[in-house]
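# A look at the structure
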Amino acid sequence: MKNKHIFGPVPSRRLGYSLGIDLVKRKYCSYDCIYCEVGKTTNKIIDRIDFGNDKIIVEELKTFLNDYTGRIDCITFTGSGEPTLNVKMGSILNEVKKITKLPVTLLTNGSLFFREDIRNESINFDIVIPSLDSVIEETFMRVNKPHRDLNLSEIIKGLIKFSNDYKGKIYLEILLVKGFNDSDGDLLNLRKIVEKMRVDKIQINTVVRPPAYKEAKPIDENDKQRIKNILGDLVELDLVFSQNNIVQSNSGKKEVTELLKRRPCTFEQISISLGIDGEKLKIILDELQKEMKDKLKVDKFDGEFYYKVVGNE
Ligand code: SF4
């Protein structure tokens, strides 16, 4: 069976070897973030829907776990959009928990935690990684371009409530975009909200892959100390502007193709994400370029070259 919803495992600093499950179709989301690496949101919704993929996901996972002999440290619910929009998220999680003892992580934009059903389902994950990029209305609108019926103060209340009810690990992700949500004022206001949440760690990210909207630019190394000064004493602060530490793996052409179908990556990002050394990766990309021709594209962003796979190979 060809896996349509399972990808990886991808080595990650936070989660170890993480096997991803794509819960929603491209691109269903409650936001249309300017920095989104999946692309512009084509279906901006806040009502949960049945994507009709719950049984397929569980079958794909069972088959994958039966056949795969490599290392997996956790399963991550994510998607080419917002995973909590899948109305079957809770039942898929229950089924996943029946077939594996691996910890299960939820990566979410957190916009729907004002809903009791989503809070109740999310409580059963072992790790939850919600994001919150700004608590100032105008900035929030510019950075996250939310669905028109979303209300920032309700979103914040939902996040605060969830974080205090939940007993698992929470890593709050804040993505900073140069000139949009990176001012001292933005960060000080965020700080006031984070103080009301129960968070194990804050992870600061920036734009590292070609964004959905070209005005989204990364903050730089010089901003790190300023951010540490404002948020650093609250909880553990992880400033991940680029990935590091290549962990060697047996990944090959198939894994590189799957990764590049999901998100554009530089040579270095492919190497780090999949644990392939530079020499081997060069051979793989050369071969893929010959086999896939114009389906393997290279775009330039912020002085870097990004590979991506378009269409069905
Ligand atoms: S970054 Fe996440 S929340 Fe933002 S538009 Fe993309 S998928 Fe949605």
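Each chain carries its own residue numbering, running from 1 in the written order of its sequence. Under the rules for a predicted model, residues below a pLDDT of 70 receive no local features and side-chain atom pairs below 80 are neither given nor counted, while totals for whole chains, interfaces and linings still include all residues. Side-chain calculation: all heavy atoms of the structure are included, whereas hydrogens and water are not.

## Here's the deal with the packing of helix 6 (residues 184-194) against helix 7 (residues 224-231)
For the record, the criterion: For every element, the axis is a line fit to its C-alpha atoms; helices are fit only across the contacting stretch, and the angle between N-to-C directions ranges from 0 to 180 degrees. Runs of H or I in DSSP of at least four residues are treated as helices and runs of E of at least two as strands, each being numbered from the N terminus. Comment on the angle field: the value is read as roughly parallel under 35 degrees, roughly antiparallel over 145, roughly perpendicular from 65 to 115, and oblique elsewhere. Put simply, a crossing is left-handed when the front helix is turned counterclockwise from the back one by less than a right angle, and right-handed when it is turned clockwise. Whether two residues are in contact is decided by their heavy atoms: any pair within 4.5 Å suffices. All residues other than Ala, Val, Leu, Ile, Met, Phe, Trp, Tyr, Cys, Pro, Asp, Glu, Lys and Arg, Gly among them, are scored as polar; the first ten of these are nonpolar and the last four charged.
Between helix 6 and helix 7, the least distance of the axes is 9 Å, while the angle of their chain directions is 30°. Our classification of the angle between helix 6 and helix 7 gives roughly parallel. Note on packing geometry: the crossing formed by helix 6 with helix 7 is right-handed. On helix 7, the residues that touch D184, L187, L188 and R191 of helix 6 are R226, I227, I230 and L231. Within the contact of helix 6 with helix 7, the residues separate by chemical class into five nonpolar, no polar and three charged.

## Let's talk about the sheet that holds strand 7 (residues 127-130)
Here is the rule we go by: Whether two strands pair depends on DSSP finding at least two bridges between them.
Sheet architecture is open: eight strands sit in the order 1-2-5-6-7-8-9-10, paired in mixed fashion. Each edge of the open sheet carries a strand with a single partner, namely strand 1 (6-12) and strand 10 (236-239). On average, adjacent strands in this sheet sit at an angle of 25° to one another, irrespective of strand direction. Here strand 7 runs beside strand 8 (residues 169-176); their pairing, made up of two bridges, is parallel. Considered in strand 8, the bridge of I127 is made with K169.

## Quick notes on the nonpolar core
Rules: Put simply, a nonpolar core is a bunch of buried Ala, Val, Leu, Ile, Met, Phe, Trp, Tyr and Cys residues held in one set by side-chain atoms that sit within 4.5 Å of each other. When accessible area is computed with a 1.4 Å probe and restricted to protein chains, residues below 20% of their type maximum are described as buried, those above 50% as exposed, and intermediate ones as partly exposed.
Counting 73 residues, the largest nonpolar core has I21, F77, F125, I204 and I227 as its most contacted members. The leading source of residues in this core is helix 5 (residues 152-165), at six residues.

## Focus: the environment of K88
Spelled out, the test is: Polar contacts, as counted here, are pairs of nitrogen or oxygen atoms within 3.5 Å of one another; within protein the pair requires one atom able to donate a hydrogen and one able to accept it, and residues that are adjacent in sequence qualify only if both atoms are side-chain atoms.
Mapped onto the fold, K88 is located in the loop between strand 5 (74-78) and helix 2 (89-99). In the structure, K88 is positioned 37 residues away from F51 in sequence and 8.2 Å away in space, judged by C-alpha atoms. The residues touching K88, leaving out its near neighbours within four places in the chain, are D50 and D54. In terms of polar contacts, K88 uses its side chain to reach the side chain of D50, at 3.2 Å.

## Topic: the domain arrangement of the chain
For the record, the criterion: Each domain's extent is set by a domain assignment, obtained either automatically or from a database. Buried area is a sum: the accessible area each of two parts loses on coming together, probed at 1.4 Å, counted once for each and added. The salt bridge criterion pairs a side-chain nitrogen of Lys or Arg with a carboxyl oxygen of Asp or Glu, the two atoms within 4 Å.
Under the domain assignment, the chain is made up of domain 1 (6-241) and domain 2 (247-313). Each side of the interface is counted separately: domain 1 has 15 residues, and domain 2 has 15 residues. For domain 1, the biggest contributors to the area lost against domain 2 are P11, R209 and P210; these three give 35% of the whole. Counting across the domain 1 and domain 2 interface gives two salt bridges. Salt-bridge contacts for E37 lead to R263; the nearest nitrogen and oxygen are separated by 2.5 Å. At the boundary of domain 1 and domain 2, one finds four residue pairs in polar contact (both at pLDDT 80 or more).

## Some thoughts on the pattern of salt bridges
Scanning the entire structure with this criterion turns up 27 salt bridges. A salt bridge links D220 to K178; the nearest nitrogen and oxygen atoms lie 3.3 Å apart. Taken together, the residues span a long stretch of sequence, with D220 in the loop between strand 9 (201-206) and helix 7 and K178 in the loop between strand 8 and helix 6 at a distance of 42 residues. Judged by relative accessible area, D220 falls into the partly exposed class, the value being 31%. Given a relative accessible area of 34%, K178 falls into the partly exposed group. Of the charged contacts in the structure, one is a salt bridge between D184 and R226, with a shortest N-O distance of 2.7 Å. Here the residue D184 occupies a position in helix 6, and R226 occupies one in helix 7, the gap between them amounting to 42 residues. Salt bridges sharing partners connect three or more residues here, namely K178, D184, D220, D223 and R226.

## A word on the side chain of H147
Looking at where H147 falls in the secondary structure, it is placed in the loop between helix 4 (137-144) and helix 5. On the basis of relative accessibility, which here comes to 11%, the residue H147 falls in the buried class. Ignoring sequence-local partners within four residues, the contact set of H147 consists of S30, K44, I45 and I46.

## Remarks on empty space enclosed by the protein
To find leftover empty space, one rolls a probe the size of a water molecule over the atoms. Filter applied, for reference: The distinction between a cavity and a pocket rests on a 1 Å grid over the protein atoms alone: a 1.4 Å probe fits inside a cavity but cannot get out, while a pocket stays open yet meets protein on both sides within 12 Å along at least five of seven lines, and a residue with an atom within 4 Å of a point counts as lining. Grid points are joined across faces, edges and corners, and a volume is the space filled by probe spheres set on the points.
Under the criterion given, the structure shown has two cavities of 30 Å³ or more. Taken as a whole, the largest cavity holds about 50 Å³ of empty space. Every residue along the wall of the largest cavity is listed here: F7, D22, V38, T78, G79, S80, R262 and R263. Taken together, the residues that form the lining of the largest cavity break down as two nonpolar, three polar and three charged. In this structure, the second largest cavity encloses a volume near 30 Å³. What lines the second largest cavity is Y31, N109, S131, L132, D133, F140 and N144. Across the lining of the second largest cavity, the residue classes tally to three nonpolar, three polar and one charged.

## Focus on the site of the ligand
Defined as follows: Summary of the distance rule: residues count as near a molecule or strand when at least one heavy atom falls within 4 Å of that molecule or strand.
Taken together, the residues surrounding the ligand are K27, C29, Y31, D32, C33, Y35, C36, T41, G81 and N109. Taken together, the residues that form the shell around the ligand break down as five nonpolar, three polar and two charged.

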